[in-house]
Amino acid sequence: MRLIIQPNADQLAQWAANYVVSKINKAKPTADKPFVLGLPTGSSPLGMYKKLIKMHKEGLVSFENVVTFNLDEYIGLDAKHPQSYHFFMWKTFFEHIDIKKENVNIPCGVAEDVDAECQAYEDKIKAAGGIDLFIGGVGSDGHIAFNEPGSSLASRTRIKTLTTKTIVANSRFFDDDVNLVPKTAITVGVGTIMESKEILLLVSGAHKARSLYHAVEGPVNQMWTVSTIQLHRKGIIVCDYDACSDLTVGTYKYFLDIEHDNLNPDSLME
């Protein structure tokens, strides 16, 4: 596992965006062999999406032959609902780049048979050849996607009941009214995530410090699903200084030392 420590959230976003662009360009995707991205919603990726849009407009990257799979969707919200992840992704990212609509995949929160929708989504990821680069945020309780504490580390795409902590945290997108936040969601599973060829997690802010500690220094366990990145063959966490406050000094200095030549985002574009 790699830990890339950046001074602040803006530089974290730039590092992540440069990494994504470098991976897409290196792959030289075509219509027959696209590059497959796993994409998150929420506040964690917003800065990265803004950087990617800018880089696309500058001609540094094309998403024409990129296929995306979003990680989750609220059950009960259709694609036109302003708080659905369909709406979020198009407004925040997709409508600003050259991605093809047919290459965008997001679970349907209003499917008649939600279990069948989950299986179909899992099958579609496999049919695409798996996810080349999975990008995720991390909750303050260490969850990735909507794999809440206690989720099976072998879980697949499924229905998940959200914890009160997650509902309260997400109420900021629903006029701070917890009663408006859906109580269940479709989410890709931890097992699904772990089959990705690469994982890149974004961790920013002091309120995520405990999650980062469990991801880097704690044991692998189902109460902190982010900890499974320790088992991945090619996992990267990019974080800011504030998120490092619970790490031991030795761990912090160790990763600064071994990643010294990789901390400048521009080095990824050379």
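Our subject is the structure that appears above.
Basis of the calculations
Residues numbered from 1 in each chain as written. Predicted model: local features only at pLDDT ≥ 70, side-chain atom pairs only at ≥ 80, totals over all residues. Heavy atoms only, no water. Pairing = 2+ DSSP bridges. Helix = DSSP H or I, 4+ residues; strand = E, 2+ residues; numbered from the N terminus. Axes fitted to C-alpha atoms, helices over the stretch in contact; angles between N-to-C directions. Expected span 1.5 Å × (residues − 1). Buried < 20%, exposed > 50% of the residue type's maximum accessible area, 1.4 Å probe, protein only. Polar contact = N/O pair within 3.5 Å; in protein donor to acceptor, adjacent residues only side chain to side chain.

A.B. asks: Would you mind showing me how to read the sheet that holds strand 8 (residues 184-187) here?
C.D. replies: Strand-to-strand pairing in sheets goes through backbone hydrogen bonds, with the strands running parallel or antiparallel. Judged by pairing direction, the sheet is antiparallel, and its three strands sit side by side in the order 4-8-7 without closing on themselves. The open sheet terminates on both sides in strands that have one partner only, identified here as strand 4 (72-74) and strand 7 (158-161). The average angle at which neighbouring strand axes cross in this sheet is 30 degrees, direction not considered. Bridge analysis of strand 7 against strand 8 gives four bridges, and the strand direction is antiparallel. Each residue of the ladder has a partner; that of threonine 161, found in strand 8, is threonine 184.

A.B. asks: Is there a simple way to explain the sheet that holds strand 3 (residues 66-70) in this structure?
C.D. replies: An order of 1-10-9-6-2-3-5 is seen for the seven strands of this open sheet, with the pairing classed as parallel. Edge positions in the sheet fall to strand 1 (2-6) and strand 5 (104-105), since each of these pairs with one other strand and no more. Here five bridges tie strand 6 (residues 133-137) to strand 9 (residues 198-203), and the two strands are oriented parallel to one another. In the sheet register, glycine 136 faces strand 9, and the bridge partner there is leucine 201.

A.B. asks: Quick question: what am I supposed to make of helix 1 (residues 9-27) here?
C.D. replies: For an α-helix the count is 3.6 residues per turn, leaving residues at separations of three or four pointing the same way. With 19 residues, helix 1 extends 27 Å from end C-alpha to end C-alpha; this agrees with the ideal 27 Å at 1.5 Å per step. Buried residues of helix 1: Leu12, Ala13, Trp15, Ala16, Ala17, Asn18, Tyr19, Val20, Val21, Ser22, Lys23 and Ile24, and no others. Sitting at the amino-terminal end of helix 1 is asparagine 8, which places a side-chain oxygen 3.2 Å from the backbone nitrogen of aspartate 10. Downstream of helix 1 by a residue or two, lysine 28 has a phi angle that is positive, lying close to 45 degrees.

A.B. asks: Any chance you could explain unusual backbone geometry here in plain terms?
C.D. replies: Most peptide bonds adopt trans geometry, and most residues besides glycine take a negative phi value. Of note, lysine 28 is a non-glycine position whose phi angle comes to about 45 degrees, a positive value. Secondary-structure assignment places lysine 28 in the loop between helix 1 and strand 2 (35-39). Here lysine 28 falls in the exposed class, since its relative accessible area comes to 67%. Of note, alanine 145 is a non-glycine position whose phi angle comes to about 50 degrees, a positive value. In this structure, alanine 145 sits in the loop between strand 6 and strand 7. Under the relative-accessibility criterion, alanine 145 is labelled buried at 12%.

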